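# Tertiary structure, described
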Amino acid sequence: MDGSTGASRYDEVYAAWRADPDAFWRRAAERLEWATPPATVFDPGMGVYGRWFPDGRLNTCWNALDRHVGAGRGAQAALIWDSPITGRAARFTYAELLDRVARLAGALAARGVAKGDRVIVYMPMVPEAAIAMLACARLGAVHSVVFGGFAAAELAARIADAKPRAIVSASCGIEPGRVVKYKPLLDAAIALSPHRPDFCVILQRPEHPCELTPGRDVDYAAAEAEAPHQPCEIVAATDPLYILYTSGTTGAPKGIVRDNGGHAVALMNSMSMLYGLKAGDVMWTASDVGWVVGHSYIVYAPLLAGCTTVMYEGKPVGTPDAGAFWRVCAEHGVKVLFTAPTAIRAIRKEDPEAKLLAGYDLSKLEALFLAGERCDPPTAEWAHALLGKPVIDHWWQTETGWSISGNFRGLGLFPARFGSGGKPAPGYDLRVLDEGGQEVPRGQIGTLAVKLPLPPANLPTLWHADDRFRSAYLETFPGYYNTSDAGLVDEEGYVFVMSRTDDIINVAGHRLSTGAMEEVLAAHPDVAECAVVGVKDSLKGQAPIGLVVLKAGVDRAEADIAKELVALVRDRIGPVAAFKDARVVPRLPKTRSGKILRGTIRKIADGETYAVPPTIDDPVILDEISGVLKAAER
Ligand code: COA
Ligand code: AMP
């Protein structure tokens, strides 16, 4: 049972979009409330490659909250917070969430935050993180959420680039077995950054309250309690809603920009077309608000569609056990669960026979959606056999904001094919290109590229960096957006996403740059050169491993240096990098022109067969590397 009905309207809807994209998106836009409805759907002459709904005006928060309260949904649950890690839970109706958001917006406005100002949100998975995002949207301010697992230096880089007027943060986050003290990280980041925010709003959590910095910090609860309700600021559809920084191929993160209008239209459309959900349904996205999946499907899309969203502060295993996901689904009547394959692998590893599922009533659950990394077929098959519900792999990126390909519950599912990320979503003209930019025949691997224009909600540019946007995404294949994912489209149109074509790796569904890790290793005084590659990991999909060549004359114990390197990456990038393995090698394999053969190193580490590259300067090095990688169990 894969949920396919044999009567999918996918082909028909995709063809309708292709025939008249403007009509498709105009219809989708009509489902929102606009202050000024857009007369133009797409202006190809505006911005880098064109802009969506250029003359429309609206407010995203209004559409996510006020509109539903106005339509009589005030008493319906908007957000359910379930936090097994603290043993607490909370439920907010649409009316209650609107009240909290409007008051926080008032508190920010009273301290000078206005339309266009940036606000960094550095918070754990608490309702106040979503409240802060929506409060910014209400003001027309631009939020930039920073994931809690990043180190101070990464937060500092984002503060320096976004130049926020304010930062909303919390006293702590909680990870299994440890409290993550946010305040020292925040203080260190502000000290490191050339830009200083005017003020910080700090949520005191009972698990670990912190000392506020006089003259800079404001207590979240007090500020919200005393503030008046702030009305919505109407903005242009093309005004930025948020910036979300993501790993680029260097240490400097890319500020992905999301607009207001295109974002709301595409996300609203995806709720019915892709996830098959309608107002009143419960969606649980087990991700983090610090990632794009969390932005789109914990916060904005479910609320825009009038659904109930579940926000979960816990892990798939260990909080308290591998039955946690099934408990949350049963307790809150979750209709669609969306998570990363890693989470399912973690549950399967702990509870392979799914004994912990017994006793939970999952009759309301209709589908499991997976994304964030390639889903290995055994994981999808296990979940499918277990749940007896459709398991839908869908492919997307921080840049796109919603899925490039998938299977569409709202159109009737077509037969699933595990290992594939489904078929292109209406809105995406997906092609597979060879190195010269020519389309390859069906079934052959190439670079996955989207013919411009990108659909609504996709990035219009990078924050204050149009040129970097062009060079990173649009220049390799003129007329196309380069996804930097390699893959194929088979005879029947199924998309298979195989690997990245750049140095991005996916560790536990988290996107990381090996280039950024190399920059950190290279800064160690004993390191002459280094290479970081992503190797296969049975739980996390990939894990980084660093090979370093020491400077001549360094005679310290290699184990000590390796330990320092692991600590350095944790300190500079953060625990989320999951960098735990550094090894000293005598030399690195290179081409005659000096390029490090990272792909070959990865194949050796994964135990794959590899061809000795004809351009290699000295093939003997490959045996040396192989010896070092085999020397210790990973
Ligand atoms: N704040 C601070 N630290 C964090 C953090 C956060 N928000 N999130 C993760 N970390 C830390 C972890 O505690 C861990 O630290 P450690 O090295 O001291 O153990 C480190 O970062 C690595 O985390 P992770 O890679 O997540 O591994 P894990 O062993 O803690 O958990 C899983 C493994 C599979 C349970 C977990 O990765 C998971 O739930 N993955 C789902 C992925 C997901 O939601 N992706 C979002 C895209 S859809
Ligand atoms: P992020 O920007 O963190 O969402 O990561 C985006 C990258 O994750 C993509 O470019 C892919 O490499 C990978 N990815 C996301 N979803 C999938 C999927 N369903 N199948 C394969 N790879 C995926």
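Look above for the structure.
Note that this is a predicted model, so its numbers are computed, not measured. (Residues numbered from 1 in each chain as written. Chains lettered and ligands numbered in written order. Predicted model: local features only at pLDDT ≥ 70, side-chain atom pairs only at ≥ 80, totals over all residues. Heavy atoms only, no water.)

The helix and strand inventory of the protein chain stands at 18 helices and 31 strands. In terms of overall size, the protein chain behaves like a compact globule, its C-alpha atoms giving a radius of gyration of 24 Å where 634 residues would be expected to give roughly 26 Å. Along the first, second and third principal axes, the C-alpha atoms of the protein chain reach 70 × 60 × 55 Å. The buried share among the 634 residues of the protein chain stands at 61%. A fraction of 71% describes how many contacts in the protein chain between residues 6 or more apart in sequence connect residues 24 or more apart. Surface exposure of the protein chain reaches about 23200 Å², of which carbon and sulfur atoms provide 52%. (Helix = DSSP H or I, 4+ residues; strand = E, 2+ residues; numbered from the N terminus. Rg over C-alpha atoms; globule rule 2.2 N^0.38 Å. Buried < 20%, exposed > 50% of the residue type's maximum accessible area, 1.4 Å probe, protein only. Contact = heavy atoms within 4.5 Å. Areas by Shrake-Rupley, 256 points an atom, 1.4 Å probe, with all protein chains shown as cover.)

This part is about the site of ligand 1. Taken together, the neighbourhood of ligand 1 is formed by 23 residues, with Glu175, Arg178, Lys540, Arg570 and Lys580 sitting nearest. In this structure, Arg178 approaches ligand 1 through a side-chain N or O atom, which is 2.8 Å from an oxygen atom. The protein chains hide 83% of the 940 Å² of surface that ligand 1 would expose on its own. Of the residues in the shell around ligand 1, the class split is 11 nonpolar, 6 polar and 6 charged. (Near = heavy atom within 4 Å. Polar contact = N/O pair within 3.5 Å; in protein donor to acceptor, adjacent residues only side chain to side chain. Nonpolar A, V, L, I, M, F, W, Y, C, P; charged D, E, K, R; others polar.)

So, about the pairing of strand E15 (residues 254-259). With 6 of 6 residues buried, E15 is to be regarded as a mostly interior element. Side chains Lys254, Ile256 and Arg258 project from E15 onto one buried face, and the interleaved Gly255, Val257 and Asp259 project onto a second face that is buried too.

As a further point, take the side chain of Asn63. Take Asn63: it is sitting in helix H3 (residues 60-73). Look at Asn63 and you get buried, because its relative accessible area is 0%. At 2.7 Å, the side chain of Asn63 forms a polar contact with the backbone nitrogen of Glu33. Those residues within four positions of Asn63 in sequence are excluded, and the remaining contacts are Leu32, Glu33, Leu58, His68, Leu303 and Leu304.

Another point: the state of the cysteines. Inspection of the entire model under this criterion finds 0 disulfides. With no disulfide of its own, Cys232 has Cys61 as its nearest cysteine by sulfur position, at a separation of 4.9 Å. Given a relative accessible area of 18%, Cys232 falls into the buried group. The cysteine Cys329 is free of any disulfide, with Cys307 supplying the nearest cysteine sulfur at 15 Å. (Disulfide = S-S within 2.5 Å.)

Turning next to the site of ligand 2. Close contacts around ligand 2 come from 14 residues, with Asp393, Thr398, Asp485, Arg500 and Arg511 the closest. Gln397 places a side-chain nitrogen or oxygen 3.0 Å from an oxygen atom of ligand 2. Bound to the protein, ligand 2 loses 94% of the 490 Å² it would expose on its own. In the shell around ligand 2, the residues fall into 3 nonpolar, 5 polar and 6 charged.

The subject of this paragraph is the packing of aromatic side chains. In this structure the tally under the stated criterion is 29 aromatic pairs. Ring geometry for Phe414 and Tyr494: centres 5.7 Å apart, planes at 85 degrees, overall edge-to-face. Linking Phe414 in the loop between strand E21 (405-406) and strand E22 (423-424) with Tyr494 in the loop between strand E25 (480-489) and strand E26 (495-500), this pair joins segments that are 80 residues apart in sequence. The two residues Phe414 and Tyr494 agree in class, both being buried. Of the aromatic side chains, those joined through ring pairs into one cluster are Phe24, Trp25, Trp34, Phe42, Trp52, Phe53, Trp402 and Tyr428. We note Lys423 situated over the ring of Phe414; from NZ or CZ to the ring centre the distance is 4.7 Å. Sitting over the face of the ring of Tyr494, Lys423 holds its NZ or CZ atom 4.8 Å from the ring centroid. (Phe/Tyr/Trp six-rings, centres within 6.5 Å; stacked < 30°, edge-to-face > 60°. Lys NZ or Arg CZ within 6 Å of the ring centre and 35° of its normal.)

So, about the sheet that holds strand E19 (residues 367-370). Read from one edge of the open sheet, 7 strands run E5-E4-E17-E16-E18-E19-E20, paired in mixed fashion. Every other strand in the sheet has two partners, leaving strand E5 (88-93) and strand E20 (391-393) as the edge strands with one partner each. Averaged over all adjacent pairs, the angle separating strand axes in this sheet is 15 degrees, with direction ignored. Relative to strand E17 (residues 308-312), strand E4 (residues 77-83) is paired through 4 bridges, and the arrangement is parallel. The residue bridging Asp82 from the neighbouring strand is Tyr312, located in E17. (Pairing = 2+ DSSP bridges. Axes fitted to C-alpha atoms, helices over the stretch in contact; angles between N-to-C directions.)

Turning next to the sheet that holds E25. An order of E23-E24-E25-E26 is seen for the 4 strands of this open sheet, with the pairing classed as antiparallel. The open sheet terminates on both sides in strands that have one partner only, identified here as strand E23 (430-433) and E26. Direction aside, neighbouring strands of the sheet carry axes that sit 50 degrees apart on average. As judged from the 4 bridges shared by E23 and strand E24 (residues 446-451), these two strands associate in the antiparallel manner. Bridge pairing links Val432 to Leu448 in E24.

Glancing now at helix H9 (residues 261-273). The first and last C-alpha atoms of H9 sit 18 Å apart over 13 residues, in line with the 18 Å expected at 1.5 Å per residue. Most of H9 is tucked away, with 12 of its 13 residues classed as buried. Within the sequence span of H9, burial applies to Gly261, Gly262, His263, Ala264, Val265, Ala266, Leu267, Met268, Asn269, Ser270, Met271 and Met273. (Expected span 1.5 Å × (residues − 1).)

Summarising the element assignment, Asp66 is placed in helix H3. Taking relative accessible area as the criterion, Asp66 reaches 11% and is therefore assigned buried. The contacts of Asp66, once residues within four sequence positions are left out, are Cys61, Leu98, Arg138 and Cys232.

The next subject is the pairing of E19. Residue alternation in E19 divides its side chains into two sets, Ala367 and Phe369 and Leu368 and Leu370, and both sets are buried. Direction of pairing for strand E18 (residues 336-339) relative to E19: parallel, over a ladder of 4 bridges. Its bridge partner lying in E19, Phe338 is registered against Phe369. Crossover handedness for the path E18 to helix H12 (residues 341-350) to E19: right-handed. For E19 and E20, the ladder comprises 3 bridges, and the chain directions are parallel. Bridged to Phe369 within E20 is Ile392. Once you follow E19 into helix H13 (residues 377-387) and on to E20, the crossover reads as right-handed. (Right-handed = clockwise from strand over helix to strand, strands pointing away.)

The subject of this paragraph is the pattern of salt bridges. A full pass over the atoms with the stated rule returns 44 salt bridges. Residues Glu226 and Arg111 are paired through a salt bridge, measuring 3.5 Å at the closest nitrogen-oxygen approach. Of this pair, Glu226 sits in helix H8 (residues 220-226) while Arg111 sits in the loop between helix H4 (94-110) and strand E6 (118-122), and the two are 115 residues apart along the sequence. With relative accessibility at 29%, the residue Arg111 sits in the partly exposed group. Between Arg500 and Asp502 there is a salt bridge, and its shortest N-O distance comes to 2.7 Å. Given the relative accessible area of 23%, Asp502 is considered partly exposed. Through salt bridges with shared partners, a single ionic network connects Arg18, Asp429, Arg431 and Glu439. (Salt bridge = Lys/Arg side-chain N within 4 Å of Asp/Glu carboxyl O.)

These values are about where atoms sit, not about what they do.
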